[in-house]
There are 2 protein chains.
Amino acid sequence: MANDDSEFEPGDDSIGLVETQQVTLFETPNELCLESGVKFGPINVAYETYGTLSPEKDNAIFVCHALTGDAHVAGWHAEEKRKPGWWNDFVGPGKGLDTNKYFVICANVLSGCKGTTGPSSIDPNTGKQYGLLFPFITVGDIVKVHSALVKHLGIDKLLAVIGGSLGGMQVLDWAARFPNQMAAVVCLAAAAKLSAQGIAFNVVGRRAIFTDPKFNRGEYYDDTEGPRVGLALARMVAHITYLSDVSIEDKFGRRLQHSSHLKYDLDQETEFQIGSYLHYQGKRFVERFDANSYICLTHAMDYFDLAEECGTIGQALQNSDANFLLASYTSDWLFTTTQSLEIVSELVKAKRNVSFVELASSKGHDAFLLEIEPLEQLVRPLLERTRQEVTERRDPSEKAARGDHNG
Amino acid sequence: MANDDSEFEPGDDSIGLVETQQVTLFETPNELCLESGVKFGPINVAYETYGTLSPEKDNAIFVCHALTGDAHVAGWHAEEKRKPGWWNDFVGPGKGLDTNKYFVICANVLSGCKGTTGPSSIDPNTGKQYGLLFPFITVGDIVKVHSALVKHLGIDKLLAVIGGSLGGMQVLDWAARFPNQMAAVVCLAAAAKLSAQGIAFNVVGRRAIFTDPKFNRGEYYDDTEGPRVGLALARMVAHITYLSDVSIEDKFGRRLQHSSHLKYDLDQETEFQIGSYLHYQGKRFVERFDANSYICLTHAMDYFDLAEECGTIGQALQNSDANFLLASYTSDWLFTTTQSLEIVSELVKAKRNVSFVELASSKGHDAFLLEIEPLEQLVRPLLERTRQEVTERRDPSEKAARGDHNG
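Conventions and cut-offs
- Residues numbered from 1 in each chain as written.
- Chains lettered and ligands numbered in written order.
- Predicted model: local features only at pLDDT ≥ 70, side-chain atom pairs only at ≥ 80, totals over all residues.
- Heavy atoms only, no water.
- Core = buried A, V, L, I, M, F, W, Y, C linked by side-chain atoms within 4.5 Å.
- Buried < 20%, exposed > 50% of the residue type's maximum accessible area, 1.4 Å probe, protein only.
- Contact = heavy atoms within 4.5 Å.
- Least-squares fit on C-alpha atoms with pLDDT ≥ 70 in both.
- Helix = DSSP H or I, 4+ residues; strand = E, 2+ residues; numbered from the N terminus.
- Disulfide = S-S within 2.5 Å.

(A) Molecular detail of the nonpolar core. If you look at the biggest cluster of nonpolar residues, it comprises 205 residues, and the most contacted ones within it are F62, L110 and L158 of chain A together with F62, L110 and L158 of chain B. With near-sequence residues (within four places) excluded, L158 of chain B lies in contact with A60, F62, I105, V150, W174, Q181, M182 and A183 of chain B. In terms of nonpolar packing, the next biggest core, distinct from the first, is built from 35 residues, A66, V91, A367 and I372 of chain A among them.

Written as structure tokens, this is what we have:
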């Protein structure tokens, strides 16, 4: 969309250049009380915002990112030139989360490695990176930081929180923990708890990192290399779970990478295209992600269990008056439709407002990042309806006025 | 079943004590011509037989074992005391493969590590283990060795060949390559080619081995440890694919290993039971399997493509007059029902004799090893019918006699 003469200039449907902002929260003596019981602070939070907060502060939407995402949801960073944010197709002027109408916020998660305090941050007590001395973080702890950021931005009630995968877990936890802080909840390709199979894949990924000799029990920050091999392996196995068998078959099948015939060579680890692709994914991942953060965040996923504290999912969410929208994807085998339906069923029984759609897609778990149009068609009317309700609740005459027009 | 006084004495339904036998085939100048074009020999073959070969030599059944199996299908080895063979519940007196009636043969596969020549065998040219200098082996090469063993045993035509998973691939290849060598073909939980997703998991497993510093490019036999860490990781990820999500959920769910509450400890890699179980599986596996064999055999799986040479599966199998029986398992996501049905459809179109059953099981790919009763109910009548046909074909008066009785 940008032309050659001005490569930083974004197209009409882009937010354009954006910058990550920073704020420090939970400073002494107001440390965050983590779910493990540990008090932790200060916490630096990296976040981005797009669009303009309305005078009534009723148009803010918080995006919760997934396992390896970050605060850079949309637009471009100057230093990365044309590299757009991870949900750039969904967030921007006229898009699903329309920045002409809404004020969109996203923050890097606690224990991440993209600006928010995490294992690679300097521990002020030692002057060294935390490494594995970083405290054990849960989805609830992540949400508490997000919630505090929203308050810091002067917003009492978000119009919506939205997220997929680990982001969807945050959305659910947020609705349970701070039910009055949002008017709508959009939970995509997620679950009230990770399946045992999902935990199993995480166990293998962490094992690959732990057993990399360069991991050195998390103290690798002075090393030029670090546990690149183990982290790449963890990413390779996880990446398989993000794709569907059909999408792998369609994209790669049994096609070979550099030849029309088999090589009969035991060393040929990238002979099939799928092998080459996975190696590339692993290699690219270690350039942008920290192994200790990966360990912390996959542990948070494993631990997440929405029903645990309250007994049932319905009881956990019963205090929320938000409009819930859940979506799953037919070919997602990491977070299945059955898991979404479990939440929907509990919400219905708890007499909450809930809609659910199973979207047809061959793209597996990654579908929530890739299938933008059907998502727009679901989210746009929910946001419009919710904002209307919020406006009417604030000023009942609005409703009467609308009633007059309609009558 | 064995009583305390005689712990080697098997129960009534066991074959009892068995021994692995050895034979050397493909001696100079009759080396095996591998599919890669390399000539290879001599090849030592480890095999076991149970039951008695009939005077007509028409009751022999060859069992093809899966990726990490071996020739020890049933009964007990003296040195392992009560540890039974891997399909002991299915093979024995009065069992699915009834050793009172049939002569059952199983051989360790070429490039394996249980007695048949493989990477851990001594290369007579160097006096050292082959390691990764072992030639690249295909499913077809494995089958050629099995076929030669059958001839060596003086058997012209097997009553049946049977196998699951990689064993099922061997069965299919055998029927295509030597169509006159068997009267029945039983192919369980297999496919005409591995899915791209299956290749992806194998790529990750081999990568874990290759990147283990103790792998040393396959030359680890003088090392006391070897690539135990990488091989265990490979097994852990593979093991997940052998189970179904339901079986993992039922068996482990989110239950904890040694505690009733979460530990909030980043080091706790075996906190959930599923993690502990996978670690145990990995650890146990490295005691019994060779990493180089694992590399060779997963490569053979990746390369297998029944249709490749002939154009279609139907064309590959069109010269076989065997009775085909295929079975898949509802919860098997590594070798799906769709993949079995692809073969069935091609066999029907090629006017072959084929039966197919999808068996209901929650046990995933491992079901063919675990769900014995439904398997018996399928295989027993097939064997009886096939033997009857073989007898009648040899001596048409048998048929007439039977006709008289029936008429």
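(B) Layout of the relation of the copies chain A and chain B. Each copy superposes on the other: chain A lies on chain B with an RMSD of 0.0 Å after a rotation of 180° and an axial shift of 0.0 Å. Considering both components of the superposition, the chain copies are consistent with a two-fold axis.

(C) Examining unusual backbone geometry more closely. Residues and elements named next belong to chain A. With an omega dihedral of 5°, the bond running from T28 to P29 counts as a cis peptide bond. Structurally, the position occupied by P29 is in the loop between β1 (21–25) and β2 (32–33). Note the cis peptide between G41 and P42, where omega equals -5°. Mapped onto the secondary structure, P42 falls in the loop between β3 (39–40) and β4 (43–50). Within the chain, A189 stands out as a residue other than glycine whose phi angle is a positive 45°. Here A189 lies in the loop between β12 (184–188) and α3 (196–210). The residue N216 is not glycine, and still its phi comes out positive at about 50°.

(D) Structural view of the state of the cysteines. Residues and elements named next belong to chain B. Within this structure, the stated rule accounts for 0 disulfides over all chains. A disulfide-free cysteine, C64 has its sulfur positioned 7.3 Å from the sulfur of C106, the nearest such atom. Take C64: its relative accessible area is 1%, and that puts it in the buried class.

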